Amino acid sequence: MDFAFSEEQEELGRTVRAFLADTSPESEVRRLMETAEGFDRALWLRMGTELGLQGLAVPEEYGGAGCGPVEVGVVMEEMGRALLCAPFLSSAVLATTTLLRCADEEARKRLLPGLARGELVATLALTEDCARWDAPGVRLTARETAGSWVLGGHKTFVLDGAAADVVLTVARTDDGIGVFCVDGDAPGLTRTPLPTMDPTRRQARLDYADVPATRLRTHGEGWDLVAEVLDRSAVALAAEQVGVASRALDMAVEYAKVRHQFGRPIGSFQAVKHLLADVLLEVESARAAAHYALLAAENEAPDLPAVASLAKAFCSDACLQATAENIQVHGGIGFTWEHPAHLYLKRAKTSQLLFGDPAYHRELLAQRIGLDTVTVEGAA
């Protein structure tokens, strides 16, 4: 199997990289991470109308480009390199995938065109105080009264939850778990921005006090849809982590070439060479894992759940190692606020925990391929 991108996909990556170099330099990232919304609505609209990035995975009948997970992964990798401050993961991946994989044609027709053009921002609200990414962690309740649904409870750690125009909310009903569509300005919905380690990716707490909602139709049990969305979103996030790690490695190599100590570049010292070689190995291995997962998602491979967990676990560790070693190579300057190295480390750490940390996904992987997890832990 060829893990490399096609020429068209490579050209897409080059186009996005050039666009982000102009619109999302470090100075703009630092400006936006201090604003209330955390991103530029005008730029978000440009991304949708000029480049069509938000609509890459959306079928043409809903105003999108009709591409697939691989193209989304190409874009996510470039956005990771640039630390783009934008709700792409929450809106163009989480929410859009939920709508595409559900059975609600009316909701698709109503929401997908606006999401594809960048006129709307949406997100998926799943986690609560327990910070679990599985069905038992869903405690927010939905009840049906007089033919309509109302939600009660709260969600937390919701990506771009304070800025989203539409919040797709996972809730527990009498007949299982469902996914509900909630307007961002719905009565009874209180949205509170949360302080986060990574200021370039916003999170919020959402409180629901009998909030009116519309239930999305699903092909089966509601959690099956959510699990599918999480797997595909984990694959997209793995591609972004490759971009973050790759940029961190480039920064470290560039600095090792120009920083002199004892009359020679520090990159000529064996210890630094070995460190950078180890990081390169991790980054390229992570890239292979992410690309394989993207192809599995593209081809609807039956082993996608296992591959998604494998990619998320490996890319999370590789990304954190690359960003931490980048600071190590830079030495004292790498610890300063003025240097961007810490921004990449913070993105790596929060992404490591998003959708479940590596330990969670390794256990999930073992379950998905039929291994006895107790045996695996004992052998380790």
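Cut-offs used in this document
Residues numbered from 1 in each chain as written. Predicted model: local features only at pLDDT ≥ 70, side-chain atom pairs only at ≥ 80, totals over all residues. Heavy atoms only, no water. Salt bridge = Lys/Arg side-chain N within 4 Å of Asp/Glu carboxyl O. Helix = DSSP H or I, 4+ residues; strand = E, 2+ residues; numbered from the N terminus. Buried < 20%, exposed > 50% of the residue type's maximum accessible area, 1.4 Å probe, protein only. Axes fitted to C-alpha atoms, helices over the stretch in contact; angles between N-to-C directions. Left-handed = near helix turned anticlockwise from the far one by under 90°. Contact = heavy atoms within 4.5 Å. Nonpolar A, V, L, I, M, F, W, Y, C, P; charged D, E, K, R; others polar. Core = buried A, V, L, I, M, F, W, Y, C linked by side-chain atoms within 4.5 Å. Disulfide = S-S within 2.5 Å. Phe/Tyr/Trp six-rings, centres within 6.5 Å; stacked < 30°, edge-to-face > 60°. Expected span 1.5 Å × (residues − 1). Polar contact = N/O pair within 3.5 Å; in protein donor to acceptor, adjacent residues only side chain to side chain. Pairing = 2+ DSSP bridges.

Undergrad: When you look at the pattern of salt bridges in this model, what are you seeing that I'm missing?
TA: Note on pairing: side chains with opposite charge can pair once their charged atoms come close. Scanning the model with the defined rule gives 30 salt bridges in all. A salt bridge links Arg 110 to Glu 106; its shortest N-O distance comes to 3.4 Å. Here Glu 106 and Arg 110 lie together in helix α6 (residues 105-117), a separation of 4 residues that amounts to about one turn. Judged by its relative accessible area of 44%, Glu 106 falls in the partly exposed class. Two residues, Glu 300 and Arg 232, come together in a salt bridge whose shortest N-O distance is 2.9 Å. Here Glu 300, found in the loop between α8 (270-298) and α9 (304-330), pairs with Arg 232, found in helix α7 (residues 222-258); they are 68 residues apart in sequence, far enough to count as distant.

Undergrad: Teacher, can you tell me more about the packing of helix α4 (residues 69-82) against α7 here?
TA: Between two packed helices, the angle of one axis relative to the other and the distance separating the axes together describe the packing. Where α4 meets α7, the closest approach of the two axes is 7 Å, and the angle between their N-to-C directions is 35 degrees. Judged by the sense of rotation from one axis to the other, the crossing of α4 with α7 is right-handed. Residues Pro 69, Gly 73, Met 76, Glu 77, Gly 80 and Arg 81 of α4 lie in contact with α7, whose contacting residues are Arg 232, Ala 236, Leu 237, Ala 239, Glu 240, Val 242, Gly 243, Val 244, Ser 246, Arg 247 and Asp 250. Tallied by class, residues from the contact of α4 with α7 come to 7 nonpolar, 4 polar and 6 charged.

Undergrad: Mind showing me how you'd approach the nonpolar core here?
TA: Across soluble globular proteins, nonpolar side chains show a tendency to be buried alongside one another. The biggest cluster of nonpolar side chains holds 97 residues, and the ones touching the most others in it are Met 47, Phe 88, Leu 151, Leu 168, Val 182, Tyr 208 and Phe 355. The leading source of residues in this core is α7, at 12 residues. When neighbours within four sequence positions are excluded, Val 182 is seen to be in contact with Leu 151, Asp 165, Val 166, Val 167, Thr 169, Leu 189, Tyr 208, Val 211, Pro 212 and Ala 213. Within the second largest apolar cluster, 22 residues are counted, among which are Ala 245, Ala 252, Leu 276 and Ala 348.

Undergrad: Sorry, what's going on with the state of the cysteines here?
TA: One way to say it: the disulfide is the covalent bond shared by the sulfur atoms of two cysteines. Per the counting criterion, the structure on display carries 0 disulfides. Left unpaired, Cys 85 is separated from the closest cysteine sulfur, that of Cys 319, by 16 Å. With relative accessibility at 2%, the residue Cys 85 sits in the buried group. A disulfide-free cysteine, Cys 181 has its sulfur positioned 9.8 Å from the sulfur of Cys 102, the nearest such atom. Relative accessible area serves as the criterion here: at 7%, Cys 181 is assigned to the buried category.

Undergrad: For this particular structure, what's the right way to read the environment of Ala 135?
TA: Within the fold, Ala 135 resides in the loop between β1 (122-125) and β2 (141-145). Distance from Ala 135 to Ala 227, taken between C-alpha atoms, is 8.7 Å for residues 92 residues apart in sequence. Setting aside chain neighbours within four positions, we find Ala 135 in contact with Arg 172, Ile 177 and Trp 223.

Undergrad: Would you take a moment to explain the packing of aromatic side chains for this structure?
TA: For any pair of aromatic rings, geometry is given as the distance between the ring centres together with the angle between the planes. Overall, the coordinates contain 3 aromatic pairs when judged by the stated rule. Ring plane angle 85 degrees and centroid distance 5.4 Å describe the contact between Trp 133 and Phe 355, whose orientation is recorded as edge-to-face. With Trp 133 in the loop between β1 and β2 and Phe 355 in the loop between α10 (341-353) and α11 (358-368), the pair connects residues that are 222 residues apart, well separated along the chain. Each member of the pair, Trp 133 as well as Phe 355, is classed as buried.

Undergrad: What is the right way to look at α7 in this model?
TA: Every α-helix carries 3.6 residues per turn, so stepping three or four residues along brings you back to the same face. Given a rise of 1.5 Å per residue, 37 residues ought to cover 54 Å, and the 55 Å separating the end C-alpha atoms of α7 matches this to within 8%. Within α7, 28 of the 37 residues are buried, leaving the element largely enclosed by the surrounding structure. Measuring from the side-chain oxygen of the N-cap residue of α7 to the backbone nitrogen of Trp 223 gives 2.7 Å; that N-cap residue is Glu 221.

Undergrad: Is there a simple way to think about the pairing of strand β7 (residues 203-215) in this case?
TA: When a strand is regular, its side chains alternate between the sheet's two faces. The sheet contact formed by strand β3 (residues 148-159) and β7 spans 9 bridges and is antiparallel. Bridging across to β7, Lys 155 finds its partner in Leu 206. As defined by bridge partners, strand β5 (residues 176-183) adjoins β7 across 2 bridges and the pair is classed as antiparallel. Paired with Cys 181 across the bridge in β7 is Thr 214. Bridge count between strand β6 (residues 189-193) and β7: 5 bridges; the pairing is antiparallel. Across the sheet, residue Pro 193 finds its bridge partner in β7, namely Ala 204.

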